[in-house]
Each structure stands twice: as C-alpha cells, then as structure tokens.
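Single-letter residue listing:
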Amino acid sequence: MKTYSIYKPSASRSATPRDAIVIGSGMGGMACAATLAKFGKRVLLLEQHYMPGGFAQTFSRKGYTWDVGVHCVGEMGPRSMPGKILSWLTNDKVEMEPIGKAYDTVFLPGGVVFEYPDNWREFKKRLEDMFPEEKDAIAKYFELIWKVSKSVRPFLLLRTLPPVLHKIGLQLFHRKVDYWTRTTTEVLDELTGNARLKSILTAQWGGYGVIPKRSCFALHALVIRHFWNGGYFPSGGSQKMVDHLLQTVKDAGGETLVRASVEEILVRRGKAVGVRLHGGEEIFAPIVVSAAGARSTIERLLPEKLKKTRWATDILKIPQSSGCVCLNLGLQGDVVAAGGTPSNQWLFETWDMDAAAYWDVNKPNSIAPALYLSFSSLKDPKHVPGPEQRHTCEVITFVPWDAFSKWQHTRRGNRDPEYVAFKKDLEERLLRQLKSHLPKLVDLIKYHELSTPLSSTFFTRAPQGAIYGLEATPQRFMSPRLGTRTPIKNMYMAGGDVAVLGVIGAMIGGVLAACTIKPRAFTKLL
C-alpha cells in the first residue's frame, strides 16, 4: 500500500489547489489530516523523515521488525470514543487486538509481582487483596479516577476555544476540578500513608514519563482509566495504522510527502499563508497546521519576530519530557518459555518510584532503576515467527538529555568514536541487567541495536529527544497558551501537546485541531 511519495521540487506544486497543509506525520498530524479529509478537504501532509508515521512507524533490520512507539493502547473497544474515532478515520481497516487478561506486569524487589488486569473491578479486588487494611483508601482512589475521567472532555474542548475564552474557561475549570493543578504525590498522600500501595498505584508512571512527585494527578488518572478495560495492539503492527490513516488522506485528493522538511511557516500580515521547504520552495494554502510539537514549532518553524511573543515564550517555559534509550532485540527460539509475555513488563530495582526517574548513565557500571519490556511480536496475531521462532522485544528506560547533548550537532552514522564507545557500553550494561532478570531470554538474542535520544531527535525532530512532548506536570495543563489555536490567523497546532499525551492523546489532539478548523467534526468527540 503506497500512501506517500518522496518530495521533489516542482514548479507545478504551488499551483495545485489544496485546502490545508499539515506539518509532521506523527499520530497527531495524520489524525488531523485524516479528519479534514473525511470532510472533503484536500490536505498536503509534509514529513521531514524518509518514512511517515512519527513514533507510530516501524523499522526493520536483519529480517526483524520493531514497532517504534506503539506498544499498548487502551479504549479501543467498539463503545469507547478513541476506538470509534480510529475506526472512523481508517474506514474500519485497523483491527485492534486485546493483549490479554493482563496488559502490564510489574516486578518489584523482594519477588513481588503485580499484574494489571483488563477489568477495573478485578484491578480493585487485587489491590484490596494485597492491601486489605487500605480498602477505604483504594475505594477513594477509584472514585477520584472516575471523577477526573469525567472532566477530560470539557478540558479538551477548552483547548479549542479562542484565547480569551480559553483563559477564562480554564480558570473556572480548575476551580471546580483542581486535580489538574496538583501532583500525583500530593493527592495520593492525602489518601494513604502506605508507601507500597502508592508504589503499585504509580508503577506505570513510565506510560506518561513523569515521576509521581512531578506528574499531574489528572493525567495519571486518565492513563489509569485509559486501560481499565485492558490494552490493545494493532493487528499487523503499528504500520497498519499509518497506512490506513494516510490512505484516508489520499482518498480525499490529499497527498503525503516525505523528505519534505519545512524550514518556516510563511506569515503575511499576521496570517499563515503557507510554508517554505528546505531548498527554498514555497507552498501555499489557506490553512497551516503544525503537528511538530509545541516547542519544535516555536523554535524551528516560526519567523524570528513571532518567537519572542508572550504566547511563544510562555510555552517555552514548560520543560520537555524525558528521552529514553531503547534496546531493540531480535530473538530466536521459545521466547515464552524464556519469560516473554504479551503483557508489557516493568522491571524495577527499587520500590521508590521517584528514585526511578532516569538512569544515571554517566555513572560507571550503574544500572537502570527500571526497565520496560514490550514483546510486540507476541501481541500481534498476524506475526509469523517461522521455523526459527523469530520474535522482537524492546527494552526501554529513561535517560537524561544532558548525557547526550554534546553530540546533538553531530550526524547520525558519522558520530565520533567517544559516542560509539559510550553507546556500546550502554548496550552491554543493559544486556547484563536484562540477564539478571531473564537469563534464558538473553540466550535467545541474535541481534540487538540501541537507539538513544539522539535517534528520536533525528527521526522525529523531538527537542531533547523527548518521547512525550512537553512534560506532563500541572504547569503544562494549567497553561492557557497550549491549545489548537495560535495568535497567528489560520495557523493551528495539533498533537499531544495541545491535548494529552501518548499515541491516543496525539490522535485526539489531531482531531481537536481539525474540529477547530471544521466544527462539524466535533460530533465525533461528543
């Protein structure tokens, strides 16, 4: 299925009629473009990388294929709003497969194992069985999850309002639902003093990339609620999502171009009128949407004068989320017997979730405080392991950008020997740590390759290699600057930064941008 083309300068392209330009083909950009396409809009989707999809794409080496960022998504049932939106945008072509009775499994020091089930009532029961003296606290916790989940649609709708209404509405909203302004630790400390219960409740913090003492409780609650009916994986891999979203764009007369790096959004008399590509070609359209992330949009795409506006500088005060290293494994043999599971695995070296923030990679011989393992091939019913029983696994942990920043201006494939040696040392340390947990699995490794925050920056242009965009703190969700609208007429923003984060958060952020442009699309969110 060929749904995109390689960009080549063309004198006729500027004369081609189009209704909108969308910058960035991650999930937010694809969802925005596909939503507009559903309403008959001809969209030009521009991607700087040689493959579309952002963190939803896949890549292959030596006969193995890995899913870059889609490991587990929730609310994909036929009655759930995100599932219905994805089906609508892809014309029911993407099958989402339940991962199983347990979608996440946490392993903690002392041999403690906790499985997160595909049913919220069972989740509650398991917590009560493990902490019988904390039943009241657990009941109150679940009440808060419900309360916060009911507030998400009003919050998202506020993100589409004109600036003045957005600011006033957000102030009133936070007075009524203050859990968007408080950290996860602050809220949980009011419920219980049981440190181990709080660790179990927050052990999935890696799913939104911020430790409890910094994360916004409302975002934590939404992620927990997101998986209350289990996790799902796209049958055939995440590339199926990319292919069918882009097909929707193509079917409406739109086009997706890769290797089409946008140098600047063209602004004339306060109005966005098009884009200038690297190389100088200018393409015009009455609507321009950036799905490149808030920070990247401001720092890379805006004219210099607009980077100094209050709107821009306020957004730049919000920190980026963490980057990560990912050890991509190619395996051969009985992976299940060696410890592999469809359920994602969280391997912790500590019960203290705040101490697990990131791996101090510059400390000699240090190990990661936590590892996240995803066996995508075990989740995918269409995966064919063959006689060699070939499978894949991704081993992920958070790392500080500072440890990699000195190489940020070097080019992939041409970095200095110091970086190559550093990267090799990280691979070896990760393999040793993995062996301490799953020795039989390590024996099945036939290929391994490490990606770093520099990889994320190269392939997605994510500032500081941040995999979740802006950090999910109360500061982010209290900001009236973040929304689908910008101070520039006819310029909009899409993706996770304007909504909530993750694959589905980015999809919703893309749909929200399209709703702002084409209000009839709101019927899909209500």
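The sections below set out a description of the structure shown in this document. Every value quoted in this text rests on a predicted model; they were computed, and no experiment measured them.

Notes on the sheet that holds strand β11 (residues 262–268)
Each strand in a sheet pairs with its neighbour through backbone hydrogen bonds, running either in the same direction (parallel) or in the opposite one (antiparallel).
Here is step 1 of the chain: Within the open sheet, the three strands sit side by side as β11-β12-β13. Their pairing is antiparallel. With partners counted over all chains shown, the strands left at the sheet margins are β11 and β13 (282–284), one partner each. For this sheet, the mean angle separating the axes of adjacent strands, direction not counted, is 30 degrees.
Here is step 2 of the chain: Where strand β12 (residues 271–277) lies against β13, three bridges are found, and the strand directions are antiparallel. The residue bridging G274 from the neighbouring strand is F284, located in β13.

Quick look at the nonpolar core
One recurring pattern in soluble globular proteins: nonpolar side chains tend to sit buried together.
Here is step 1 of the chain: Counting residues in each nonpolar core, the largest one holds 112 residues, and the members touching the most others are F217 and F348.
Here is step 2 of the chain: Ranked by residue count, the leading element in this core is helix α18 (residues 502–517), at 10 residues.
Here is step 3 of the chain: Those residues in contact with F348 that lie beyond four places of it in its chain are V106, F107, L108, P109, A203, W205, M353, A356, P369 and A370.

Focus on the packing of aromatic side chains
Here is step 1 of the chain: Counted according to the given criterion, the structure contains 29 aromatic pairs.
Here is step 2 of the chain: With centroids separated by 6.0 Å and ring planes inclined at 40 degrees, the aromatic side chains of W66 and Y447 adopt a geometry described as tilted. In this pair, W66 is assigned in strand β5 (residues 64–67) and Y447 in strand β19 (residues 445–451), connecting sequence segments 381 residues apart.
Here is step 3 of the chain: Ring geometry for Y103 versus F227: centroids 5.1 Å apart, planes at 20 degrees, classification stacked. Linking Y103 in strand β7 (residues 102–108) with F227 in the loop between α9 (217–226) and β9 (232–234), this pair joins segments that are 124 residues apart in sequence. Side by side, Y103 and F227 carry an identical accessibility label, which is buried.
Here is step 4 of the chain: Taken together through their ring pairs, the aromatic side chains of Y103, F114, Y116, W120, F123, Y141, F142, W146, F227 and W228 make up a single cluster.
Here is step 5 of the chain: Here the basic side chain of R196 rests over the ring of W351, its NZ or CZ set 3.9 Å away from the ring centre.
Here is step 6 of the chain: For the cation-ring pair, R390 lies above Y64, with the distance from its terminal atom to the ring centre recorded as 4.0 Å.

Comments concerning the sheet that holds strand β16 (residues 344–348)
Here is step 1 of the chain: Strand order across the open sheet formed by seven strands is β8-β7-β16-β17-β18-β15-β19, with mixed pairing between neighbours. Looking at which strands have only one partner, the edges of the open sheet turn out to be β8 (112–117) and β19. Neighbour-to-neighbour, the strand axes of the sheet open up by a mean angle of 20 degrees, direction not taken into account.
Here is step 2 of the chain: Note: strand β15 (residues 323–332) against β19, six bridges, orientation antiparallel. Residue pairing for β19: L331 is matched across the bridge by I445.

Some thoughts on the pattern of salt bridges
Here is step 1 of the chain: Across all of its chains, the model carries 20 salt bridges by this definition.
Here is step 2 of the chain: Among the ionic pairs, R42 bridges to D19, the shortest N-O distance being 3.5 Å. Of this pair, R42 sits in the loop between α1 (27–38) and β3 (43–46) while D19 sits in the loop between β1 (5–6) and β2 (20–23), and the two are 23 residues apart along the sequence.
Here is step 3 of the chain: K125 is the salt-bridge partner of D129, the closest N and O atoms lying 2.9 Å from each other. Of this pair, D129 and K125 are both found in helix α3 (residues 120–130), four residues apart, which corresponds to roughly one turn of the helix.
Here is step 4 of the chain: Among the residues examined, D129 registers a relative accessible area of 53% and is labelled exposed.
Here is step 5 of the chain: Residue K125 is classed as partly exposed on the basis of its relative accessible area of 42%.

Concerning α18
Here is step 1 of the chain: The first and last C-alpha atoms of α18 sit 23 Å apart over 16 residues, in line with the 22 Å expected at 1.5 Å per residue.
Here is step 2 of the chain: In terms of burial, α18 is a largely internal element, 14 of the 16 residues being buried.

Reading the values: the criteria
- Residues numbered from 1 in each chain as written.
- Predicted model: local features only at pLDDT ≥ 70, side-chain atom pairs only at ≥ 80, totals over all residues.
- Heavy atoms only, no water.
- Pairing = 2+ DSSP bridges.
- Helix = DSSP H or I, 4+ residues; strand = E, 2+ residues; numbered from the N terminus.
- Axes fitted to C-alpha atoms, helices over the stretch in contact; angles between N-to-C directions.
- Core = buried A, V, L, I, M, F, W, Y, C linked by side-chain atoms within 4.5 Å.
- Buried < 20%, exposed > 50% of the residue type's maximum accessible area, 1.4 Å probe, protein only.
- Contact = heavy atoms within 4.5 Å.
- Phe/Tyr/Trp six-rings, centres within 6.5 Å; stacked < 30°, edge-to-face > 60°.
- Lys NZ or Arg CZ within 6 Å of the ring centre and 35° of its normal.
- Salt bridge = Lys/Arg side-chain N within 4 Å of Asp/Glu carboxyl O.
- Expected span 1.5 Å × (residues − 1).

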